[in-house]
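Examining the three-dimensional arrangement
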Amino acid sequence: MHDARKAGSLTEQEAKAELERLAETLLRADAAYHGEDAPLVSDADYDSLKRRNAEIEAQFPHLKRADSPSDTVGAAPSERFGKVTHAQRMMSLSNAFDDAEITEFDQRVRKYLGVPSGAPLRYTAEPKIDGLSLSLRYENGALVQAATRGDGAVGENVTANARTIKDIPENLTGAPDILEVRGEVYMSHADFTALNARQSDAGAKTFANPRNAAAGSLRQLDAAVTASRPLRFFAYAWGELSAPLAGTQFEAIAKLNALGFSTNPLTALCDGPDDLVAHYAQIEQQRASLAYDIDGVVYKVDDLELQRRLGYRSTTPRWAIAHKFPAELAWTRLEAIEINVGRTGALSPVARLSPVTVGGVVVSNATLHNEDYIAGRGGDGSPIRGGKDIRIGDWVQVYRAGDVIPKISDLDLGKRPDNAKPFSFPTLCPECGSDAIREDGDAVRRCSGGLVCPSQAVEKLKHFVSRAAFDIEGLGAKQIEMFHADDQLPVQTPADIFTLEARDRNNLTKLANREGWGDLSARNLFAAIEQCRTVPLARLIFALGIRHVGEVAARDLARHFGSWEALVDAVDTAAPAAACELQADAAEAAERQLATSEGRRARIKPVRDAVWGELDAPALAAWRDLIGIDGIGATVAVSLVTSFQQKAERASIDRLVEELTIEDAAPPMSGNSPVAGKTVVFTGTLDKMTRAEAKARAEALGAKVSGSVSARTDILVAGPGAGSKAAKAAELGVETMDEDAWLALIGGA
Ligand code: IVH
């Protein structure tokens, strides 16, 4: 790879030429490493090139270049993006696909606000830019931080990278002291094509579409790489503000434009749903001639005071909706059906397709969901696709909607090969040979092998290191597969990750000397693992990869129990109850098979009661506590408890926990509000808000809103015309207040 002669034996001219070559190679290698997820040279080679460079420089100090690779910090790729907690969450949008849904959206908004259907209500319509969202924070007019959306609450700090984007001003004049501008980073078609041409000339990875190219270019550890990529930015929203931008969405966007941001010229004001839909049709026509990708039109209530009143659901505003363009379609041949075994043992059929371009992206596989789907049956057993089953060799129609994995929408029976046979779904796990069982009421067949199944074990590990879980830099799906299959440094369960460094120290062949690894990458990996040894409780629970326990359930569990010890104690205590639940379910299923429809209900209840009757009080109390957590039902609880009861699984969890420092969870934010945990009933006429609005705001503050007054009611909010509910509240001694007193209590107009 380089001149192997001793540096001392080089002539000055040779040394100079070699330093030049080294600088160029190392710079390219740096860019590829940080940028393309596809290193040009192995870490070992990288290290030796760097050493060679240093040797020559030591021999010929006066030849050291201004851009010497010895001085580049970019060589230490272990720096992860810092995390940024957004001052205000970055929300996403709910989607609509047809005109009727737009009319419904308008009706929902009107109902919530109490605006009659004849009365005027203005919206803005903005193209939905197909890029990635970015939040820019300006303090006293200076750009101080840029962050990606991340999970909405916490994003990645990409400030240095954002500063390289020409559309993003460094300084603003006349802006509020605190201003968070939000918008979309994107790449134009022309820039995308040129970038891909450059990438492929350099032997580097090309991008599937402009959005991926924009995301890959922004999320760079080395800002110099971002600077070399032609990114653009449209502003369309804001986060924290010290002073309002304007009174309407349209004016606020105009204000952002006046401050120096690019805003989309196709933004328009519309009066009501008919106008919106007409504008949509117009934008759809222009779509193909635009210089960048858009995937729909976003409608927003124009009046910002109305936006404030409408507020948010958990992740989306009530005041906006994205009207998406229809999915793109293509026809191709189904070559094969493969079965993947997932983390929870689910057997997922995947269609291998003859590659076809759908909406600018080459598609070669599609999901087939489950065996019923292949057979032409929907979830409730009724026929789908007119009952046509899918066979290998079929001519199928594929569609792609947004980010999601392509799906098969239809097939052409006229083109079915004569010898095509119905697909027979395996009843044994293709990975480990264990029985693949389909439980009553479950659409999915699952491998019963648990951690014995190599596929489940690997998928569980991949989940464990994934972004929302442990997110260990340098330990992705690829590395997990390598370590899982490794004889010398095996990783079979999550705990093994945390003993890697100690085991490597005791091994003769070091990780650093392996193919594809070097000193640098091994050291970085161990450092990244160390960093993750301390973990918030919710992340740990999610990372365990227990079926039905997603990020939200993990967070709810963490908040409820506060500590790992409290969670384990509760789960262990509730174990006999979960067993009852399962037994009762099984008995019920058997009953259902046997019993005729009459009398079925009458017979099932005693079965349930008999099973539960045996249970001791602490188990029952722990179970009730568990399923009493908002968002945690019996399904989640059973899954959680049974996975803690499985011997291999529990041993794996216990070993893992010994390696970690677990941070206790804080109670929910709304716990601070004066109405958190209270049960509230609204009755009579409310003047300042609609019933729906009152309910949503109370719930956002952690209150429970009920429709009827009982001994459990804490507060009755009674407007004029309150009748029997007020009387009942008085009788029960429930605290009663009017709308103004309620608003004063929750601290808002
Ligand atoms: S508004 C609170 N406006 O679409 C509302 N989003 O599918 C925040 N997007 O995460 C979003 N163009 O990345 C808004 N004109 C536009 C947009 C837009 C593109 C993206 C944005 C958002 C995603 C939701």
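1. Description of the overall build of the protein chain
- Scanning the protein chain from N- to C-terminus turns up 26 helices and 24 strands.
- In terms of overall dimensions, the protein chain is globule-like: its C-alpha atoms have a radius of gyration of 30 Å, near the 27 Å expected for 749 residues.
- Within the span of the protein chain, comprising 749 residues, buried residues form 47% of the whole.
- Counting contacts in the protein chain only where the partners sit at least 6 residues apart, residues at least 24 apart contribute 68% of the total.
- Within the structure as shown, the protein chain displays about 36000 Å² of accessible surface, and the carbon and sulfur contribution to it stands at 51%.
- Computed over 85 positive and 105 negative side-chain charges, the separation of the two mean positions in the protein chain equals 2 Å.

2. Considering helix 8 (residues 249-259)
- Every buried residue of helix 8 is listed here: Gln249, Ala252, Ile253, Leu256 and Leu259. Mapping the buried residues of helix 8 onto a view down its axis gives an arc of 115°, with all of them on the same face.
- In the segment just after helix 8, Gly260 is the residue with positive phi, at about 120°.

3. A look at the site of the ligand
- Close to the ligand lie 14 residues; Glu126, Ile129, Glu184, Tyr236 and Lys300 are nearest.
- Contact between the ligand and Tyr236: an oxygen atom at 3.3 Å from a side-chain N or O atom of the residue.
- Its free accessible area being 530 Å², the ligand has 88% of it covered by the protein chains.
- Breaking the shell around the ligand down by element, the ones donating at least two residues are strand 3 (122-129) and strand 10 (294-301).

4. Regarding the packing of helix 5 (residues 189-201) against helix 6 (residues 210-218)
- It is at 10 Å that the axes of helix 5 and helix 6 come closest, and there the two elements cross at 70°. Relative to helix 6, helix 5 is oriented roughly perpendicular. Of helix 6, the residues touching helix 5 (which contributes His189, Phe192 and Leu195) are Pro210, Ala213 and Ser217.
- Along the lines of polarity and charge, the residues of the contact of helix 5 with helix 6 split into 4 nonpolar, 2 polar and no charged.

5. Notes on the pattern of salt bridges
- Taken as a whole and assessed by the stated rule, the structure comprises 40 salt bridges.
- Across the salt bridge formed by Glu338 and Arg352, the nearest N and O atoms sit 2.8 Å from each other. On the criterion of sequence distance, the pair formed by Glu338 in strand 12 (residues 328-341) and Arg352 in strand 13 (residues 347-358) is long-range, its members being 14 residues apart.
- The class of Glu338 is partly exposed, set by a relative accessible area of 35%.
- A residue is classified by how much of its surface remains accessible, and Arg352, at 24% relative accessible area, is partly exposed.
- The network of salt bridges with common partners includes Arg137, Glu139, Glu180, Arg182 and Glu240.

6. Observations concerning the sheet that holds strand 4 (residues 132-139)
- Spatially, the 4 strands line up as an open sheet ordered 5-4-7-8, and their pairing is antiparallel. One side of each edge strand has no neighbouring strand; the edge strands of this open sheet are strand 5 (142-148) and strand 8 (232-241). Adjacent strand axes in the sheet meet at a mean angle of 30°, parallel and antiparallel pairs treated alike.
- Pairing analysis gives 7 bridges linking strand 7 (residues 178-186) to strand 8, with the strands arranged antiparallel. Bridging across to strand 8, Glu184 finds its partner in Phe234.
- On the sheet, helix 8 packs against strand 7 and strand 8 and is oriented at approximately 115° with respect to strand 8.

About the criteria used
Residues numbered from 1 in each chain as written. Predicted model: local features only at pLDDT ≥ 70, side-chain atom pairs only at ≥ 80, totals over all residues. Heavy atoms only, no water. Helix = DSSP H or I, 4+ residues; strand = E, 2+ residues; numbered from the N terminus. Rg over C-alpha atoms; globule rule 2.2 N^0.38 Å. Buried < 20%, exposed > 50% of the residue type's maximum accessible area, 1.4 Å probe, protein only. Contact = heavy atoms within 4.5 Å. Areas by Shrake-Rupley, 256 points an atom, 1.4 Å probe, with all protein chains shown as cover. Lys, Arg positive; Asp, Glu negative; His and termini not counted. Charge placed at Lys NZ, Arg CZ, Asp CG, Glu CD. Arc of directions from axis to C-beta. Near = heavy atom within 4 Å. Polar contact = N/O pair within 3.5 Å; in protein donor to acceptor, adjacent residues only side chain to side chain. Axes fitted to C-alpha atoms, helices over the stretch in contact; angles between N-to-C directions. Parallel < 35°, antiparallel > 145°, perpendicular 65-115°, else oblique. Nonpolar A, V, L, I, M, F, W, Y, C, P; charged D, E, K, R; others polar. Salt bridge = Lys/Arg side-chain N within 4 Å of Asp/Glu carboxyl O. Pairing = 2+ DSSP bridges.

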